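Structural characterization, general
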Amino acid sequence: MPSVAPPTAETDHIGPYRIVRILGQGGMGIVYEAEQLEPLRRSVALKVIKLGMDTRDILARFEAERQALAVMDHPNIAKALDAGTTEGGRPYFVMELVRGVPLTDYCDRQASSTRERLELFIAVCQGVQHAHQKGVIHRDLKPSNILVVEHDGRPVPKIIDFGIAKAVDRRLSESDFATQVGEMVGTPAYMSPEQAHSSGLDIDTRADIYSLGMVLYELITGVLPFDPRGLELVVFLVRHVLREKDHPTPSNRLASLAAEEVTPVAKRRQTTVVGLRKELTGDLDWIVLKAVEKDRARRYESAGGLAGDLQRYLKNQPVTARPPSTLYSLGKFVRRHRLAVAAGGVALVALVAVAVTMAALAGRIARERNRAELEGAKAQSINAFLADMLRSADPWQGGARQTTVVEALDAGARKVDSAFKGQPEIVTSIKRTIGNAYIGLGRVKDAEPLIRASVGAAIRSSGEESEETAQSLADLGNLYIALGRFDSAGPAIERALAIRRKLRGPDDTLVAATLTNLVQVMFDQADGRRMDSLATELLALQRRIHGERHLAVADALRRKAEAQATLGDHQKSESYLRPALRMARELGAAQTVYTASILNDLGLARLLQGDSREAQTIFNEAVVLDTVIYGTKHPQLAADLENLGNAYYVEGRFDITIGLLRQVLAMRQEMLTPDDPAIARTIANTATVHRKKGDFAAAEPLYQDAARRLRRALGPDHRDAIVTLSVLGRTQSLLGRRDQGEATMRDALARADRTGALSPEAYATLIGGLADVLIDQGRFAHAEPYALKALAIRDSLAGPNAGGNGMVKMSRDQLAKLYQGWGKPEKAASYRDAPLR
């Protein structure tokens, strides 16, 4: 293992040990390679508390680690050799120096077969069993803590680092310690669900069984059951994934990988892809799933039990692990259905989630069938078509690889034209429904051709002013919303609304649904005044239809709140959101899209009122709820993660913000078309974080990329394209390319003046930025009119409280700087020292 850093003078010697180099650093201590000088000479590993980490709790944990190692003696556990205290009073212990390679790396380098891997893993289980018998839980079992060394040409696994071990039935040290509430001790990718949620007071040996199961999963498949990227960063997602998401069987996980991913995995196990799947399917699948059961009562009771089943498997004997019973599976299905976990099957091939999603699709198709009032024969045809689609996603149809929701939808879309020749209304209904299912699953690019085709087909088969046409137009509007093309969404939805009002009258649920979509378009276009008018109309309509307490009323309150936010009154916005959230929860909708949307808006309201801490808490809750409702990849989840990143950005925690934005960008690039404006906005937001950090070189190419994408997607005169162009110009100027920066900003200003596309505040920001560029060049006379105009706009927006407004103060500071540089100190002082109104 390479050295991390040279030893310091303070640590040249610790007791009778001479420090050679640092091997690694953990949360509590530093591990050195050291040479024991007396009474015998040998190389050892020496772990000592880090400087500044010798708090009471940390010292207690370290003492527990020393005691844990002292009671264990097993060939597969690194031996404890000595313990003591440094001259500075910091405790240390000495253990066997294991010059090994992490278990998974060793097996991959050796191209070990599945049998060879299992034999090594059985030895690991035996070491863990010994520790458990001595009353010690490791709590951080993972491949890097299981090193393989070779003795006499034979590989021997050694478990290291009992740094967070816990006594099962007694205290390990005189000074007791407790993990703080909410703190996770361990590594998220291998951590048991109870570790992720517990305070640490209710952890038993079965937590190690789960971790062993995860190591085994990775050892035989080359991957974990879920994508671990980001889990270290987003703690609340860890807790949700570990507690709520079912793990696919190892054979199904392999089947979900692309050929270029799974082929090398098979080669490293000296077999073919088909051969590896065959090895895993059946007993190995069930052994692994029993080890990683969410419910610890259903796991193996001991590491020895897991090892025993693996030994039986290698001897072709019956294993104790069995597929879950039908009753157990049904119970889990019911619980998941109640929580609306519908989209998880797409990413993880979680079979129960597939069933729920297809059940939801069945409901949509049934509603489409009723809405079109199809006669019995046609209804039977649709039912038969639906049944065929459902069978393709049935997890009990056999085979190593189950069909995902998206694959079932793809197959249905391909078959519908040939299945219903000469029946355009049925084709239209099914295509539109599949298209909406794609949108719900975040597959907007797959939805577009189906939704577009349904509009023309509806007009041809049903006429210009039919319900079928209105529904197709409404769906087209929703498609445009999902694509971020709000200028196109508005006309389609307004036309659908007019048709429905004519056909159904004013107080109708479909009229209300269409009006809701139109309110959304106004929100996305930042047209606060029209949105507020429409939201007021919507709220009154929902109350007439449903009464005062209904989820539709709660959602209408949220729309009214969004209108107030668009108008800049975030306190008033919150006054609508709080009762909406309370109503949704009281009506039993705590885990629905209604509550998720309200939470997102409430987080924004708190953030825009300066409370970033509460905003983070609220966004955390919204993100977890998103994963329950939509799964781990969805546009709404991406949006809420981006909002969470903004809350960290406000606090100056830029590295966390950038990490979240990377996850959002990866999610959107996978789900959306390359020119989707949401991708461009995330790139621009990432650039803004770099710019705020002062890294203008990193920000500038990102702004260039975002500006190009927005021009392609929305046109060069769209407000988002203009704003991005202006901030690109300011960044170019800050990089020293002042002439280029000024030219870019003047281009943005010309477009804003010609189109009127920017809001007053955005326009003030643009001309204020141009003033900054000119001030930097010493062109004070040229900068003055822009700076004065920016102040006038901000004064008018802030009203009577202008003096206390941050943007107004920014403009005043800019003018003070301008006049000071211009040699007019009295004028500078008049802006710098102006009293607050």
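Cut-off values and rules
Residues numbered from 1 in each chain as written. Predicted model: local features only at pLDDT ≥ 70, side-chain atom pairs only at ≥ 80, totals over all residues. Heavy atoms only, no water. Helix = DSSP H or I, 4+ residues; strand = E, 2+ residues; numbered from the N terminus. Buried < 20%, exposed > 50% of the residue type's maximum accessible area, 1.4 Å probe, protein only. Contact = heavy atoms within 4.5 Å. Pairing = 2+ DSSP bridges. Axes fitted to C-alpha atoms, helices over the stretch in contact; angles between N-to-C directions. Parallel < 35°, antiparallel > 145°, perpendicular 65-115°, else oblique. Left-handed = near helix turned anticlockwise from the far one by under 90°. Nonpolar A, V, L, I, M, F, W, Y, C, P; charged D, E, K, R; others polar. Salt bridge = Lys/Arg side-chain N within 4 Å of Asp/Glu carboxyl O. Phe/Tyr/Trp six-rings, centres within 6.5 Å; stacked < 30°, edge-to-face > 60°. Lys NZ or Arg CZ within 6 Å of the ring centre and 35° of its normal. pLDDT = per-residue confidence, 0-100. Expected span 1.5 Å × (residues − 1).

The next point concerns the overall build of the protein. The helix and strand tally for the protein stands at 36 helices and 11 strands. Expressed as a percentage of the 837 residues in the protein, the buried residues total 53%. Across the protein, every contact between residues at least 6 apart in sequence was considered, and the portion connecting residues at least 24 apart equals 63%.

With that settled, the discussion passes to the pairing of strand 3 (residues 29–36). Among the eight residues that make up strand 3, seven are buried, leaving the element largely enclosed by the rest of the structure. The sheet contact formed by strand 2 (residues 17–25) and strand 3 spans seven bridges and is antiparallel. Residue pairing in the sheet places Ile22 in a bridge with Tyr32 of strand 3. Direction of pairing for strand 3 relative to strand 4 (residues 42–49): antiparallel, over a ladder of eight bridges.

Another point: the packing of helix 20 (residues 486–504) against helix 21 (residues 509–524). Two measures define how a pair of helices packs: the angle their axes make with one another and the distance between the axes. Where helix 20 meets helix 21, the closest approach of the two axes is 9 Å, and the angle between their N-to-C directions is 160°. Taken together, the axes of helix 20 and helix 21 lie roughly antiparallel to each other. The way helix 20 lies across helix 21 gives a crossing that is left-handed. Contact with helix 20, carried on its side by Phe486, Ala489, Gly490, Ile493, Glu494, Ala496, Leu497, Arg500, Arg501 and Arg504, involves Leu510, Val511, Thr514, Leu515, Asn517, Leu518, Val521 and Asp524 of helix 21 and no other residues of that element. Tallied by class, residues from the contact of helix 20 with helix 21 come to 10 nonpolar, three polar and five charged.

Examined against the element boundaries, Thr657 turns out to sit in helix 28 (residues 654–671). Residue Thr657 is classed as buried on the basis of its relative accessible area of 2%. If near-sequence neighbours (up to four positions away) are discounted, Thr657 is found in contact with Gly645, Tyr648, Tyr649 and Val689.

The next point concerns the sheet that holds strand 10 (residues 154–159). Taking strand neighbours across the sheet as the criterion, the three strands line up as 7-9-10 in an open arrangement whose pairing is antiparallel. Strand pairing shows two members of the sheet lacking a second neighbour, strand 7 (101–102) and strand 10, which therefore form its edges. Both strand 9 (residues 146–151) and strand 10 contribute to a ladder of six bridges, which runs antiparallel. By the bridge assignment, Glu150 is partnered in strand 10 with Pro155. In this fold helix 3 (residues 114–133) packs onto strand 9 and strand 10, with an angle of close to 35° to the strand it touches most, strand 10.

This next bit is on the pattern of salt bridges. Tallied over the entire structure, the rule returns 54 salt bridges. The salt bridge partner of Glu33 is Arg99, with a shortest N-O separation of 2.9 Å. Here Glu33, found in strand 3, pairs with Arg99, found in the loop between strand 6 (91–96) and strand 7; they are 66 residues apart in sequence, far enough to count as distant. For Arg99, a relative accessible area of 53% translates into the label exposed. When the shortest N-O distance is used, the salt bridge between Arg298 and Glu293 registers 3.5 Å. By relative accessible area, Arg298 is classed as partly exposed at 34%. Among the charged side chains, a salt-bridge network with shared partners connects Asp555, Arg558, Arg559, Glu562 and Asp601.

This next bit is on unusual backbone geometry. For Ala111, which is not glycine, the phi dihedral falls at a positive 50°. With respect to the element layout, Ala111 can be found in the loop between helix 2 (103–109) and helix 3. At Asn316, a residue that is not glycine, the phi angle is positive and equals roughly 60°. With respect to the element layout, Asn316 can be found in the loop between helix 11 (303–314) and helix 12 (326–338).

It is worth spelling out the packing of aromatic side chains at this point. Each aromatic ring pair is specified by the distance between its two centres and by the angle formed by the two planes. Throughout the structure, instances matching the rule amount to three aromatic pairs. Pairing Tyr819 with Trp822 gives two aromatic rings, centres 6.1 Å apart and planes at 5°, and the pair type is stacked. On the basis of relative accessibility, which here comes to 1%, the residue Tyr819 falls in the buried class. Between Tyr819 and Tyr831, the ring centres sit 5.8 Å apart and the planes meet at 15°, which makes this aromatic pair stacked. With Tyr819 in helix 35 (residues 806–821) and Tyr831 in helix 36 (residues 825–832), this residue pair connects regions lying 12 residues apart in the sequence. Three or more aromatic residues joined by ring pairs form one cluster here, namely Tyr819, Trp822 and Tyr831. The aromatic ring of Tyr300 is capped on one face by Lys290, whose charged end is 4.7 Å from the ring centroid. Its end group placed over the ring of Trp822, Lys824 keeps NZ or CZ at 3.6 Å from the ring centre.

The next point concerns the packing of helix 23 (residues 551–566) against helix 25 (residues 593–608). The contact between helix 23 and helix 25 brings their axes to 10 Å, and the two run at 20°. The angle between helix 23 and helix 25 places the two elements in the roughly parallel class. Note on packing geometry: the crossing formed by helix 23 with helix 25 is left-handed. Each of Leu551, Ala554, Asp555, Arg558 and Glu562 in helix 23 lies in contact with helix 25, whose residues at this interface are Tyr594, Ser597, Ile598 and Asp601.

Moving on: the confidence of the model for the protein. When pLDDT is averaged along the protein, the result is 78, and 77% of the positions lie at 70 or above. Segment residues 1–10: pLDDT under 50, and 18 contacts once partners within four positions in sequence are set aside and those in other chains are kept. Scored below 50 in pLDDT, residues 229–242 shows 42 contacts in the model against residues more than four places distant or in partner chains.

Moving on, we come to helix 20. Given 3.6 residues per helical turn, the α-helix brings residues three or four places apart onto the same face. Relative to the 27 Å expected for 19 residues at 1.5 Å per residue, helix 20 spans 26 Å between its end C-alpha atoms, a close match to the ideal helical length. When we look at burial in helix 20, the residues that qualify are Phe486, Ala489, Gly490, Ala492, Ile493, Ala496, Leu497, Ile499 and Arg500. Contacts made by the buried residues of helix 20 are with helix 19 (467–483), helix 21 and helix 29 (677–693). Gly505 occupies a position one or two residues after helix 20 and carries a positive phi of about 85°.

With that settled, the discussion passes to the sheet that holds strand 6. Ordered in space as 1-2-3-4-6-5, the six strands form an open sheet in which the pairing is antiparallel. The open sheet terminates on both sides in strands that have one partner only, identified here as strand 1 (13–14) and strand 5 (80–85).

Within the secondary structure, Thr249 sits in the loop between helix 6 (235–244) and helix 7 (250–256). A relative accessible area of 11% means that Thr249 is categorised as buried.

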